[in-house]
Amino acid sequence: MEKMKRRDFLRLTATMTAMVMMVGDWYLEGDDRLQFTIYDDGTCQIRGDYGQGKWSVVNKDTLKLVDFYGQVTTYPISSIDKDSLTIELPSKEKITYYHTAEEALKH
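A separate point is the pairing of strand β1 (residues 24-28). The pairing of β1 with strand β2 (residues 34-38) spans 4 bridges and is antiparallel. From the neighbouring strand, Asp 25 faces β2, where its bridge partner is Thr 37. Between β1 and the antiparallel strand that follows it, β2, lie 5 residues; Gly 30 among them carries a positive phi value of about 85°. Pairing of β1 with strand β8 (residues 94-98), which is carried by 2 bridges, proceeds in the antiparallel orientation. Counterpart to Tyr 27 in the pairing with β8 is Tyr 98.

Next comes the structure, spelled out in structure tokens:
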């Protein structure tokens, strides 16, 4: 029982840490245009989409985006740190986003 509680606590801690690092503006590697903004209230704004969507981290390693109309898209998170987020597309290609346009253009 104690092992299970510890494992659940560690999973929750990892998910919460990822969620805190997710908040903010994100620019695609090599591009200075804002791609999406994630807010701490669970909403998000995605470039080119109408209205605000919702976001969450599920299974501690998957970014879930729900657009204004309810369409759900999920992306496995390959890595995340204070400066960058790397996700995996359905084609298995990995793409990286940065919190600033300056950082995105450096890569």
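Within the secondary structure layout, Leu 85 lies in strand β7 (residues 84-88). Taking the C-alpha atoms as reference, Leu 85 lies 5.5 Å from Thr 96; in sequence the two are 11 residues apart. In this structure Leu 85 touches Met 22, Trp 26, Phe 36, Ile 77, Ser 79, Ile 80, Ile 95, Thr 96 and Tyr 97, once residues within four positions along its chain are discounted.

All chains considered together, the criterion is met by 4 salt bridges. For Asp 31, the salt bridge identified is with Arg 33, shortest N-O distance 3.0 Å. By relative accessible area, Asp 31 is classed as buried at 13%.

Okay, the nonpolar core next. Met 22, Ile 38, Trp 55, Leu 63 and Leu 85 are the most contacted members of the largest nonpolar core, which has 15 residues in total. Of all elements in the fold, only β2, β4 (53-58), β5 (62-66), β6 (72-80), β7 and β8 reach the threshold of two or more residues within this core.

So, on to the environment of Glu 103. Locating Glu 103 in the fold gives a position in helix α2 (residues 101-106). At 3.0 Å, the side chain of Glu 103 and the side chain of Lys 106 are in polar contact.

Under the defined criterion, the tally for this structure stands at 4 aromatic pairs. Aromatic pair Phe 68 and Tyr 69: ring centres 5.2 Å apart, planes at 90°, arrangement edge-to-face. Tyr 69 sits in the exposed class, given a relative accessible area of 65%.

Moving on: the confidence of the model for the chain. Detail in the predicted coordinates should be disregarded across regions flagged by low pLDDT. Within the chain, residue pLDDT values average 88, and 83% of them lie at 70 or more. Looking at the elements of the chain, mean pLDDT is at its lowest for helix α1 (residues 2-22), recorded as 64, and at its highest for β8, recorded as 97.

Moving on, we get to the pairing of β5. Bridging between β4 and β5 involves 5 bridges; their strand directions are antiparallel. In the strand pairing of β5, Trp 55 is matched with Leu 65. The hairpin formed by β4 and β5 contains 3 residues between the paired strands, and Asn 59 there has a positive phi angle of roughly 55°. With 5 bridges joining them, β5 and β6 adopt antiparallel strand pairing. By the bridge assignment for β6, Thr 62 is matched with Pro 76. In sequence, β5 turns back onto β6 through a hairpin of 5 residues, with Gly 70 there showing a positive phi of about 95°.

Quick notes on the rules
- Residues numbered from 1 in each chain as written.
- Predicted model: local features only at pLDDT ≥ 70, side-chain atom pairs only at ≥ 80, totals over all residues.
- Heavy atoms only, no water.
- Pairing = 2+ DSSP bridges.
- Helix = DSSP H or I, 4+ residues; strand = E, 2+ residues; numbered from the N terminus.
- Contact = heavy atoms within 4.5 Å.
- Salt bridge = Lys/Arg side-chain N within 4 Å of Asp/Glu carboxyl O.
- Buried < 20%, exposed > 50% of the residue type's maximum accessible area, 1.4 Å probe, protein only.
- Core = buried A, V, L, I, M, F, W, Y, C linked by side-chain atoms within 4.5 Å.
- Polar contact = N/O pair within 3.5 Å; in protein donor to acceptor, adjacent residues only side chain to side chain.
- Phe/Tyr/Trp six-rings, centres within 6.5 Å; stacked < 30°, edge-to-face > 60°.
- pLDDT = per-residue confidence, 0-100.

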